[in-house]
Amino acid sequence: MPTATMNIRIDADVKTQVEEVSKSLGLNPTAVFNVFARSFIKHRGFPFPVVDVPTEKEFTQQMEDILAQMMLGKAVEHELLEDGDA
């Protein structure tokens, strides 16, 4: 199958980490991106969930809001599950 070149820009530290992990798996970054590209095509999108992770400030605010609700008695108590109960 003929090949083509694709140039992408990524953060330098991400590039370094991709190279390190690729090497640890016995692969190179080109092979890794080929696997990703084929999976992206097969799934017609990302082959994993893409979610918006809150910033530390947003997470802290969420936790403070939850704590405030708990302090007002607006919490729901749940029973703890023992190992193997799930």
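Residues numbered from 1 in each chain as written. Predicted model: local features only at pLDDT ≥ 70, side-chain atom pairs only at ≥ 80, totals over all residues. Heavy atoms only, no water.

Asks: Account for unusual backbone geometry, with residues named and values stated.
Replies: The phi angle at R44 is positive, at roughly 55 degrees, despite the residue not being glycine. With relative accessibility at 80%, the residue R44 sits in the exposed group. (Buried < 20%, exposed > 50% of the residue type's maximum accessible area, 1.4 Å probe, protein only.)

Asks: So what's going on with the pattern of salt bridges? Which residues, and what values?
Replies: All chains considered together, the criterion is met by 1 salt bridge. Between K15 and E19 there is a salt bridge whose closest N-O contact spans 2.6 Å. Here E19 and K15 lie together in helix α1 (residues 12–24), a separation of 4 residues that amounts to about one turn. Here K15 falls in the partly exposed class, since its relative accessible area comes to 43%. (Salt bridge = Lys/Arg side-chain N within 4 Å of Asp/Glu carboxyl O. Helix = DSSP H or I, 4+ residues; strand = E, 2+ residues; numbered from the N terminus.)

Asks: Please set out the packing of α1 against helix α2 (residues 29–43) residue by residue, giving values where relevant.
Replies: Remark: α1 packs on α2, axes separated minimally by 9 Å, with the N-to-C direction vectors making an angle of 90 degrees. Relative to α2, α1 is oriented roughly perpendicular. For the pair formed by α1 and α2, the contact residues are V18, E19 and S22 on the first element and P29, V32 and F33 on the second. (Axes fitted to C-alpha atoms, helices over the stretch in contact; angles between N-to-C directions. Parallel < 35°, antiparallel > 145°, perpendicular 65-115°, else oblique. Contact = heavy atoms within 4.5 Å.)

Asks: Could you give an account of the packing of aromatic side chains, with specific residues and numbers?
Replies: Ring pairs (aromatic) are described by centroid distance and by the angle formed between their planes. Applying the stated criterion across every chain, the model contains 5 aromatic pairs. Between F36 and F48 the ring centres are 6.3 Å apart and the planes differ by 35 degrees, which places this aromatic pair in the tilted class. You can see F36 sitting in helix α2 and its partner F48 sitting in the loop between α2 and α3 (56–71), a full 12 residues away along the chain. Judged by relative accessible area, F48 falls into the partly exposed class, the value being 45%. Geometrically, the ring pair formed by F40 and F46 is edge-to-face, given 5.4 Å between the ring centres and 80 degrees between the ring planes. (Phe/Tyr/Trp six-rings, centres within 6.5 Å; stacked < 30°, edge-to-face > 60°.)

Asks: Give a detailed account of a nonpolar patch on the surface, specifying residues and quantitative values.
Replies: Taken together, the side chains of M6, I8, I10, V14, F33, F36, F40, I41, F46, F48 and V50 present a nonpolar region at the surface, about 1,100 Å² in accessible area. Broken down by element, the nonpolar patch gets its largest block of residues, 4 residues, from α2. Locating F40 in the fold gives a position in helix α2. Exposure remark for F40: the relative accessible area of 35% places this residue in the partly exposed category. (Patch = residues over 30% accessible without salt bridge, like charges linked within 9 Å, V, L, I, M, F, W, Y side chains within 5 Å. Areas by Shrake-Rupley, 256 points an atom, 1.4 Å probe, with all protein chains shown as cover.)

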